[in-house]
There are 2 protein chains.
Amino acid sequence: VGATSPEAGRADPRRVVAELEQLREETGTEMGAQRVAWTHTWAQARAWLRSQLDDLPVSVRVDEAGNMWATLAGASPRALVIGSHLDSVPDGGWLDGCLGVVAGLEVLRCFAQGPPPPLTLRLVDWADEEGARFGRSLFGSTAAAGRLDPDDLREVTDADGVTLAQALAGHGVALDDAPRAAIDPADVLGYLELHIEQGPVLEDAGLALGVVDGVFGVERHRVHFAGRASHAGATPMPLRRDPLVAAARLIVAVREQARDAGGVATVGEIGVHPSIPTAIPGAAALTLDQRHRSEAGLATMLDAAHAAADAIAAQEGVSVQWSVVQRIDPVRFDPGLVGLAEAHVGAVAGDCRRLTSGALHDAAMMARAGVPSVMVFVQSLGGVSHNRIEDSRREHIELGVAALDELARAVVRRGEAAG
Amino acid sequence: VGATSPEAGRADPRRVVAELEQLREETGTEMGAQRVAWTHTWAQARAWLRSQLDDLPVSVRVDEAGNMWATLAGASPRALVIGSHLDSVPDGGWLDGCLGVVAGLEVLRCFAQGPPPPLTLRLVDWADEEGARFGRSLFGSTAAAGRLDPDDLREVTDADGVTLAQALAGHGVALDDAPRAAIDPADVLGYLELHIEQGPVLEDAGLALGVVDGVFGVERHRVHFAGRASHAGATPMPLRRDPLVAAARLIVAVREQARDAGGVATVGEIGVHPSIPTAIPGAAALTLDQRHRSEAGLATMLDAAHAAADAIAAQEGVSVQWSVVQRIDPVRFDPGLVGLAEAHVGAVAGDCRRLTSGALHDAAMMARAGVPSVMVFVQSLGGVSHNRIEDSRREHIELGVAALDELARAVVRRGEAAG
């Protein structure tokens with residue numbers, strides 16, 4: 001708790017930072033955060049959250065998908081939900097997910113100190129946002145959005161061969177019951193999530209906070225080029241069929257296409273076979289990840305990449321094949337909530353940038369379910385994410401908490417006015 | 001032995017093919033040739049060669065570097081040497097190296113059937129041309145050329161931690177004595193080697209045989225690009241420092257530079273870190289192998305690659321570092337012998353192409369030692385090398401043996417005439 005007392009009835013941003021540091025101490029190692037979903041350390045983090053909630057006049061419940069809900073009953077049963085996730089990647093950062101949960105706890109705490117609010121307030125800690133152990137992200141929020149099919153997940157295992165169902169059972173969750181966590185979007189007036197940016201946009205713009213107007217759609221594909229392996233010395237340039245040259249040309253092409261379309265494209269993995277200095281590879285494969293805020297933009301980028309790969313393959317005398325890794329539609333957040341958030345973030349932080357998230361978030365699932373949603377981002381230092389060196393300035397974190405608090409109050413006032 | 005008898009006193013190409021097939025049977029598996037130097041299977045192949053030599057009026061000696069020499073004394077002590085290597089890579093082809101030794105054996109056999117030749121004839125089976133087990137090629141011929149320094153090899157081990165010195169000792173060779181295998185080039189009138197091409201040039205030209213006028217020099221370097229690892233979705237294109245895009249641009253650039261310079265350039269290995277679909281890599285490294293027939297051409301290519309890497313790194317906001325893997329000077333074969341070989345190969349095969357070898361060979365070491373040298377290449381099917389599916393047409397192998405035989409006779413005649 002800082003030297004300056006917070007305004008009466010308002011969130012105390014310094015307490016949030018202190019609690020985040022406490023959580024880091026209790027659930028991290030020198031390698032970073034270890035709150036991987038469905039592990040003992042994750043359960044420890046949740047036990048800490050529950051102990052904080054024990055002091056408040058809220059009811060706590062873990063739903064059929066393992067999401068933890070704390071509910072402060074208001075005059076209306078319609079709820080404003082504030083949420084994020086305590087789970088982390090292995091060796092992760094101290095803020096990714098935790099920030100939004102601990103900030104939401106602080107907002108709930110403030111409302112709990114006053115008279116019963118006109119709306120019900122709910123804090124949610126989504127289960128397994130990261131998908132770090134089983135490779136499937138947004139488990140809990142997908143179930144809440146009514147989009148989880150247990151059959152899709154029945155065969156999923158971790159690196160040790162443990163099935164997702166076994167891991168869930170160890171934490172009291174039955175995979176087949178998880179769809180029963182689906183919410184009725186009519187019960188929810190809005191969903192707010194405070195999160196670190198995980199990218200360099202706000203730092204580059206010199207801004208503490210930003211308002212997120214949606215989440216990029218994703219086209220993730222594996223592209224395989226096959227040519228002719230041959231001797232690096234004995235094969236003249238005109239007689240080569242080099243799949244790595246084709247892959248290199250595609251890497252350059254998709255970058256230009258992303259720039260033209262206003263999206264992003266990344267090749268994060270590449271491999272060749274055989275992989276020896278004195279042989280032209282016979283095969284090269286890469287993973288292409290394209291993202292765009294609009295469906296049309298995403299389709300344009302994917303079409304352009306297909307066309308480029310075909311043209312390059314023909315020119316290089318190699319073959320090309322594509323396989324789908326993952327496809328996700330873009331999400332738009334609620335325009336009214338985005339505007340409201342911009343007003344309050346601007347008032348708190350002095351300036352505000354509207355941006356679209358390239359990373360996935362539970363908020364996207366709420367928006368898909370029909371819940372009016374918005375996110376507020378806090379500047380990330382160096383744009384670093386999923387790493388123990390992930391960090392944000394303390395003053396930016398505190399501004400983020402204050403902005404979430406103001407925004408929540410504004411939504412409650414608006415809900416009250418709307419009756 | 002085929003249906004048509006060979007001309008009296010001339011090499012029998014069909015016997016060479018039959019003996020190569022016998023050697024394949026005795027020293028290969030279904031995975032290919034297994035005559036890796038300093039192994040039991042290699043010793044078996046050499047025992048087969050020695051048993052063939054036992055029937056001839058030749059003296060056989062293994063020198064201090066493990067090279068096996070068979071000498072047919074002639075009127076002059078000055079020698080024509082014919083050689084190649086019985087050792088292979090693991091899972092290798094039946095012809096790579098073996099062809100030249102078994103063909104040389106046949107030529108020696110023919111000369112041994114006649115009157116004592118005017119020149120001494122020597123067959124050499126070089127030790128460890130491939131360097132497959134210890135990663136250092138041309139061991140025996142390097143020692144014969146007077147260029148082997150035991151100190152360079154003292155720490156060299158195989159994948160199991162066995163030192164080269166230990167492996168040599170198991171075959172009666174003392175590493176420190178190996179330099180004593182150095183020949184006096186004044187004793188050698190010429191060196192001839194018949195080998196498969198290991199590339200697609202002759203097949204592409206529709207030719208059975210070619211004459212090799214030299215061996216490419218090599219610049220082999222590792223190029224490391226370092227940028228900024230970041231989130232594939234959360235990092236806009238203008239804020240990226242992507243080392244893989246830089247690597248891709250260099251791959252394209254060095255290919256164009258090789259075309260312009262009349263050499264070859266290959267990127268056979270590439271890797272990124274971290275290697276995950278949703279992260280822009282923080283680092284990318286590749287191996288660049290550039291080859292050219294001339295020192296000037298090689299230097300031009302390397303300079304151009306350095307300049308391109310620097311320019312690309314500056315444009316992409318990444319750093320670049322180079323580390324040397326291996327540098328080998330180009331070798332020119334003896335113009336007189338090359339001309340003589342062209343005449344006889346053309347006469348035997350009907351047509352002939354002069355080409356420069358992109359692969360290293362023991363003949364390059366003989367040329368470096370000051371011995372007039374030349375090689376004859378036999379067409380490789382599909383240009384495939386260092387693979388069990390390596391192959392050549394039987395008729396092309398037979399033409400190669402006949403050409404070697406004619407060329408050897410011509411060199412002996414010329415040596416006799418020169419007194």
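Residues numbered from 1 in each chain as written. Chains lettered and ligands numbered in written order. Predicted model: local features only at pLDDT ≥ 70, side-chain atom pairs only at ≥ 80, totals over all residues. Heavy atoms only, no water.

(A) Broad picture of the pairing of strand S6 (residues 119–125) of chain B. Of all the 7 residues making up S6 of chain B, 6 are buried; the element is thus mostly covered by neighbouring parts of the structure. Crossover strand S5 (residues 76–84) of chain B to S6 of chain B through helix H3 (residues 98–113) of chain B is right-handed. (Buried < 20%, exposed > 50% of the residue type's maximum accessible area, 1.4 Å probe, protein only. Helix = DSSP H or I, 4+ residues; strand = E, 2+ residues; numbered from the N terminus. Right-handed = clockwise from strand over helix to strand, strands pointing away.)

(B) Examining the packing of helix H10 (residues 335–349) of chain A against helix H12 (residues 394–418) of chain A more closely. Residues and elements named next belong to chain A. Two elements in contact, H10 and H12, have axes separated by 9 Å at closest approach and are oriented at 135°. On the basis of the axis angle, H10 is oblique to H12. In this structure, the crossing between H10 and H12 has a hand that is right-handed. In this structure, H10 contributes Gly336, Leu337, Leu340, Ala341, His344, Val345, Val348 and Ala349 to the contact, and H12 contributes Leu399, Ala402, Ala403, Glu406, Leu407, Ala410, Val411, Arg413 and Arg414. (Axes fitted to C-alpha atoms, helices over the stretch in contact; angles between N-to-C directions. Parallel < 35°, antiparallel > 145°, perpendicular 65-115°, else oblique. Left-handed = near helix turned anticlockwise from the far one by under 90°. Contact = heavy atoms within 4.5 Å.)

(C) Up close: the interface of chain B and chain A. Taken together, the contact between chain B and chain A spans 51 residues of the former and 52 residues of the latter. Both faces considered, chain B and chain A share a buried interface measuring about 4,200 Å² in area, 66% of it formed by carbon and sulfur atoms. On the chain B side of the interface with chain A, the three residues burying the most area are Met237, Arg255 and Pro277 of chain B, jointly 14% of the side's total. On inspection of chain B and its partner chain A, the count reaches 2 salt bridges. Across the pair glutamate 316 of chain A and arginine 255 of chain B runs a salt bridge whose closest N-O atoms are separated by 2.5 Å. Of all the secondary structure elements, the ones that give two or more residues to the side of chain B that touches chain A are helix H7 (201–205), helix H8 (243–261), strand S11 (264–273), strand S12 (279–280) and strand S13 (283–292) of chain B. The biggest single contributor to the side of chain B that touches chain A is H8 of chain B, with 9 residues. Tallied by class, residues from the side of chain B that touches chain A come to 26 nonpolar, 13 polar and 12 charged. (Buried area = accessible area lost by both parts, 1.4 Å probe. Salt bridge = Lys/Arg side-chain N within 4 Å of Asp/Glu carboxyl O. Nonpolar A, V, L, I, M, F, W, Y, C, P; charged D, E, K, R; others polar.)

(D) Inspection of the side chain of serine 385 of chain A at higher detail. Its place among the elements puts serine 385 of chain A in the loop between strand S17 (373–378) and H12. At a separation of 2.8 Å, a polar atom in the side chain of serine 385 of chain A contacts the side chain of glutamine 198 of chain A. Contact partners of serine 385 of chain A, with chain neighbours within four places excluded, come to Asp96, Gln198 and Glu390 of chain A together with His231 of chain B. (Polar contact = N/O pair within 3.5 Å; in protein donor to acceptor, adjacent residues only side chain to side chain.)

(E) Structural context of the nonpolar core. Among the nonpolar cores identified, the biggest contains 81 residues, and Leu20, Leu49, Leu53, Leu192 and Phe333 of chain B are the most heavily contacted of them. Ranked by residues supplied to this core, first place goes to H3 of chain B with 11 residues. Phenylalanine 333 of chain B has contacts with Val212, Asp213, Gly214, Val215, Val338, Ala363, Ala364, Ala367, Ser373, Val374 and Met375 of chain B, leaving out every residue within four places of it along the chain. If you look at the next biggest cluster of nonpolar residues, it comprises 80 residues, including Cys110, Tyr191, Ala208 and Leu209 of chain A. (Core = buried A, V, L, I, M, F, W, Y, C linked by side-chain atoms within 4.5 Å.)

(F) Seen up close, the relation of the copies chain B and chain A. Screw-axis analysis of chain B against chain A gives a translation of 0.1 Å along the axis, an RMSD of 0.1 Å, and a rotation angle of 180°. Classification of the inter-copy transformation places it as that of a two-fold axis. Among all residues of chain B, the one whose C-alpha sits closest to the rotation axis is alanine 248 of chain B, at a distance of 2.2 Å. (Least-squares fit on C-alpha atoms with pLDDT ≥ 70 in both.)

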